[in-house]
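The residues making up each chain are set out below.
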Amino acid sequence: MARILVICQRVPWPLQDGHALRVFQLARHLDPAHTCHLACLPRGSEHTRSLQQERCFASITILPPFPAQRHWRRFLRRHGDRNYHRLAYPDYFAAAVAMLQDIVDKNAIDVVVATLSASEEFMRPLRGVAKVLDQYDCDTLAGERELAAAHDQSFLRRLRHKHRLCQIRATESELAQRCDIVTTIAPLDRQRLLDLNPGGPPIELMPNGVTASLLVNEPVSVPAVRGVAFWGNLGYAVNRKAVDYFYREVWLPRLKPAGVRWAIVG
């Protein structure tokens, strides 16, 4: 039996985006012999009661709101954002880590799982636990794809994008010093993280999925349609570019004349 603490950037409820779905579903489908606790940064705290009613987590802790003022030392960070909160909110960060350590000690936690690098910073100082980082989206890979797709950006915006990308790469590098294992969602994300962390911690695939029971019964009385669908986040520049390309180069000249319908969901 494992006693697990999950630290995430916001309350994973309602189930309307990939972050909430991943955190909630992975905890929900743990073997009942395991116990899972949740600690969240304050974003989305208004949904805490609704999440508690799902009885997915043995306990839910919401960290206090961030202070209004940030310390000037945040401008001194040399390793991307891996120490951002410690530099920007030194007193808050120390108090939050103390709260998390108290949860670890009182519940005899064995494993702490941080979702994405912003949560990893709060996991890093914890003592006496195995540390897992679920970097399900490689931010470096996403940033590189966005930069490659941003041909219409001004020189200044591309320069800012490149600077931000350097910070992201630094944040996702040297993970061996900060956690015991990394999980991610897809082979390309895993490969990019391996490139950034030669000789680093094991990086394993943990793809998203759906409950098998949802696939047992096919919908009834739904007419068959010859069609193709794109389902994704249209706030992501690379996805928008892909949709535009598919429309112009594939659907409009080839599929539409053949009577194939196209649906965009996102």
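A short tour of the structure in this document, coming up. (Residues numbered from 1 in each chain as written. Predicted model: local features only at pLDDT ≥ 70, side-chain atom pairs only at ≥ 80, totals over all residues. Heavy atoms only, no water.)

**Re the layout of surface pockets**
Then comes step 1: By volume, the largest pocket amounts to about 1600 Å³.
Then comes step 2: Looking at the largest pocket, it is lined by 48 residues, and the ones nearest its centre are G18, H19, Y136, D137 and I185.
Then comes step 3: Secondary structure elements with two or more residues in the lining of the largest pocket: β1 (3-10), α1 (18-28), α3 (84-88), α5 (116-123), α6 (139-149), α7 (155-171) and α8 (187-196).
Then comes step 4: When the residues that make up the lining of the largest pocket are grouped by side-chain class, the tally is 19 nonpolar, 16 polar and 13 charged.
Then comes step 5: When its volume is computed, the second largest pocket comes out at roughly 300 Å³.
Then comes step 6: Forming the boundary of the second largest pocket are 16 residues, of which I4, V6, L26, V113 and M206 lie nearest the centre.
Then comes step 7: Elements with a contribution of two residues or more to the lining of the second largest pocket: β1, α1, β4 (111-115), β5 (130-134) and β6 (181-184).
Then comes step 8: A total of 4 residues in the lining of the second largest pocket trace back to one element, the largest contributor, which is α1.
Then comes step 9: Split by residue class, the lining of the second largest pocket holds 12 nonpolar, 2 polar and 2 charged. (1 Å grid on protein atoms, 1.4 Å probe; cavity = no way out; pocket = protein on both sides within 12 Å on 5 of 7 lines; lining within 4 Å. Points joined across faces, edges and corners; volume = space filled by probe spheres on them. Helix = DSSP H or I, 4+ residues; strand = E, 2+ residues; numbered from the N terminus. Nonpolar A, V, L, I, M, F, W, Y, C, P; charged D, E, K, R; others polar.)

**Here we look at the packing of aromatic side chains**
Then comes step 1: Following the criterion strictly, the structure yields 10 aromatic pairs and no others.
Then comes step 2: Centre to centre, the rings of F93 and F122 are 5.2 Å apart; their planes meet at 50°, and the pair counts as tilted. Placement of the pair is F93 in helix α4 (residues 90-106) and F122 in helix α5, with a sequence separation of 29 residues. As far as the burial class goes, F93 and F122 line up, both buried. (Phe/Tyr/Trp six-rings, centres within 6.5 Å; stacked < 30°, edge-to-face > 60°. Buried < 20%, exposed > 50% of the residue type's maximum accessible area, 1.4 Å probe, protein only.)

**Let's talk about the pattern of salt bridges**
Then comes step 1: One pass over the structure, following the stated rule, counts 14 salt bridges.
Then comes step 2: With its nearest N and O atoms 3.4 Å apart, the salt bridge here joins D110 to R3. Here D110, found in the loop between α4 and β4, pairs with R3, found in strand β1; they are 107 residues apart in sequence, far enough to count as distant.
Then comes step 3: The class for D110 is partly exposed, based on a relative accessible area of 29%. (Salt bridge = Lys/Arg side-chain N within 4 Å of Asp/Glu carboxyl O.)

**Examining the sheet that holds β6**
Then comes step 1: Taken in spatial order, the 7 strands make up an open sheet running β3-β2-β1-β4-β5-β6-β7, and their pairing is parallel. Whereas interior strands pair on both sides, the edge strands pair on one side only; in this sheet they are β3 (59-62) and β7 (203-205). Ignoring strand direction, the axes of neighbouring strands in this sheet form an average angle of 20°.
Then comes step 2: As defined by bridge partners, β1 adjoins strand β2 (residues 35-43) across 7 bridges and the pair is classed as parallel. In the strand pairing of β2, R3 is matched with T35.
Then comes step 3: Running at roughly 145° to β4, α5 makes contact with β1, β2, β4 and β5 of the sheet.
Then comes step 4: In the packing of α8 onto the sheet, the strands contacted are β6 and β7, and the crossing angle to β7 comes to about 175°. (Pairing = 2+ DSSP bridges. Axes fitted to C-alpha atoms, helices over the stretch in contact; angles between N-to-C directions. Contact = heavy atoms within 4.5 Å.)

**Focus on the environment of A94**
Then comes step 1: Considering the arrangement of structural elements, one finds A94 in helix α4.
Then comes step 2: Residue A94 is classed as partly exposed on the basis of its relative accessible area, which comes to 47%.
Then comes step 3: It is 9.2 Å that separates the C-alpha atoms of A94 and F122, two residues lying 28 residues apart in sequence.

**Let's talk about the packing of α6 against α7**
Then comes step 1: For the pair α6 and α7, interaxial distance at closest approach is 9 Å and the crossing angle is 165°. Taken together, the axes of α6 and α7 lie roughly antiparallel to each other. Crossing of α6 against α7: the hand is left-handed. In contact with D139, T140, G143, E144, E146 and L147 of α6, α7 contributes R158, H161, K162, L165, I168 and R169.
Then comes step 2: Each residue belonging to the contact of α6 with α7 can be placed in one class, and the counts come to 3 nonpolar, 3 polar and 6 charged. (Parallel < 35°, antiparallel > 145°, perpendicular 65-115°, else oblique. Left-handed = near helix turned anticlockwise from the far one by under 90°.)

**With respect to the pairing of β3**
Then comes step 1: Where β2 meets β3, 4 bridges bridge the pair, whose relative direction is parallel. Bridge assignment links C40 to a residue of β3, and that residue is I62.
Then comes step 2: With respect to chirality, the unit in which β2 leads through helix α2 (residues 48-53) into the neighbouring parallel β3 is right-handed. (Right-handed = clockwise from strand over helix to strand, strands pointing away.)

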